[in-house]
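The lines below spell out each chain.
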Amino acid sequence: SAVISQKPSRDICQRGTSLTIQCQVDSQVTMMFWYRQQPGQSLTLIATANQGSEATYESGFVIDKFPISRPNLTFSTLTVSNMSPEDSSIYLCSVGEGEKLFFGSGTQLSVL
Amino acid sequence: GENVEQHPSTLSVQEGDSAVIKCTYSDSASNYFPWYKQELGKRPQLIIDIRSNVGEKKDQRIAVTLNKTAKHFSLHITETQPEDSAVYFCAASGGSNYKLTFGKGTLLTVNP
């Protein structure tokens, strides 16, 4: 499976600020997704990162809060904007290979 | 949309015993059912998956069964070992997209 690198691995941020998370894949992939995992919870899809076009957001997630870029088939970024303590979560990049979904190592975000 | 229910939320077994985790799904169009293992502080890892045209799949000590009529599927782990201790997530996807809907997870503890 593809090697998925994500950075930063963790960060502590002040409320009201923004953080951009990067996801790099070692091969070209068509399907790329961003998930959120709140403490002790399951995984929730934020959006599908579409190459060369606007991301497709799931219900409850909006572009102004979670802008996503996908400039090519190997890279994507997720920004968490105007953060509040409720944004404290693990954010996971994932790629689809056929039907299978593989995850990056995640970014653990704490907002104070 | 799809809804996936997972039971139990916690499961404690003695080393060598079997463990069974059950999931139900709501969307009859779903046709792909993966299971993920997430160790503490690690990314979710795909351990086994099954398609709707298959009733059972086995890989060494783990197996998955699917009942399409009842819309439920189960993970079976035999001869459990302490390293099997983790959170296990079931998921479902199907139709025209590859987005996964996850269950809430089962914390499996294998006591030596």
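Structure first, text after, so check above.
Residues numbered from 1 in each chain as written. Chains lettered and ligands numbered in written order. Predicted model: local features only at pLDDT ≥ 70, side-chain atom pairs only at ≥ 80, totals over all residues. Heavy atoms only, no water.

Here we look at the side chain of serine 42 of chain A
Argument step 1. Inspection of the secondary structure puts serine 42 of chain A in the loop between β4 (31-37) and β5 (43-48).
Argument step 2. For serine 42 of chain A, a relative accessible area of 12% translates into the label buried.
Argument step 3. A distance of 2.4 Å separates the side chain of serine 42 of chain A from the backbone oxygen of glycine 103 of chain B, its partner in a polar contact. (Helix = DSSP H or I, 4+ residues; strand = E, 2+ residues; numbered from the N terminus. Buried < 20%, exposed > 50% of the residue type's maximum accessible area, 1.4 Å probe, protein only. Polar contact = N/O pair within 3.5 Å; in protein donor to acceptor, adjacent residues only side chain to side chain.)

Notes on the packing of aromatic side chains
Argument step 1. Inspection of every chain in the model, using the stated rule, returns 12 aromatic pairs over all chains.
Argument step 2. Geometrically, the ring pair formed by tyrosine 35 of chain A and phenylalanine 102 of chain B is edge-to-face, given 5.7 Å between the ring centres and 90° between the ring planes. Here tyrosine 35 of chain A is found in strand β4, whereas its partner phenylalanine 102 of chain B is found in strand β10 (residues 101-102) on a different chain. Residues tyrosine 35 of chain A and phenylalanine 102 of chain B agree in their burial class; the two are buried.
Argument step 3. Linked through ring pairs, Tyr35 and Phe103 of chain A together with Tyr36, Phe89 and Phe102 of chain B together constitute an aromatic cluster. (Phe/Tyr/Trp six-rings, centres within 6.5 Å; stacked < 30°, edge-to-face > 60°.)

As for the sheet that holds strand β7 (residues 62-67) of chain B
Residues and elements named next belong to chain B.
Argument step 1. Taken together, the five strands give an open sheet; going across it, the order is β1-β3-β8-β7-β6, and neighbouring strands pair in antiparallel fashion. Both edges of this open sheet fall to β1 (4-7) and β6 (56-59), since each of them pairs with a single strand only. Pairs of neighbouring strands in the sheet enclose a mean axial angle of 15°, with direction left out of account.
Argument step 2. Where β1 meets strand β3 (residues 19-25), four bridges bridge the pair, whose relative direction is antiparallel. From the neighbouring strand, glutamate 5 faces β3, where its bridge partner is threonine 24. (Pairing = 2+ DSSP bridges. Axes fitted to C-alpha atoms, helices over the stretch in contact; angles between N-to-C directions.)

Describing the interface of chain A and chain B
Argument step 1. With 20 residues of chain A at the contact, the number on the chain B side is 16 residues.
Argument step 2. Inspection of the chain A/chain B interface yields three salt bridges.
Argument step 3. Arginine 51 of chain B serves as the salt-bridge partner of glutamate 99 of chain A, at 3.1 Å between the closest nitrogen and oxygen.
Argument step 4. At the junction of chain A with chain B, the criterion picks out eight residue pairs in polar contact (both at pLDDT 80 or more).
Argument step 5. For the side of chain A that touches chain B, the secondary structure elements donating two or more residues are β4, β5 and β10 (100-103) of chain A.
Argument step 6. Looking at the side of chain A that touches chain B residue by residue, the class counts come to 10 nonpolar, seven polar and three charged. (Contact = heavy atoms within 4.5 Å. Salt bridge = Lys/Arg side-chain N within 4 Å of Asp/Glu carboxyl O. Nonpolar A, V, L, I, M, F, W, Y, C, P; charged D, E, K, R; others polar.)

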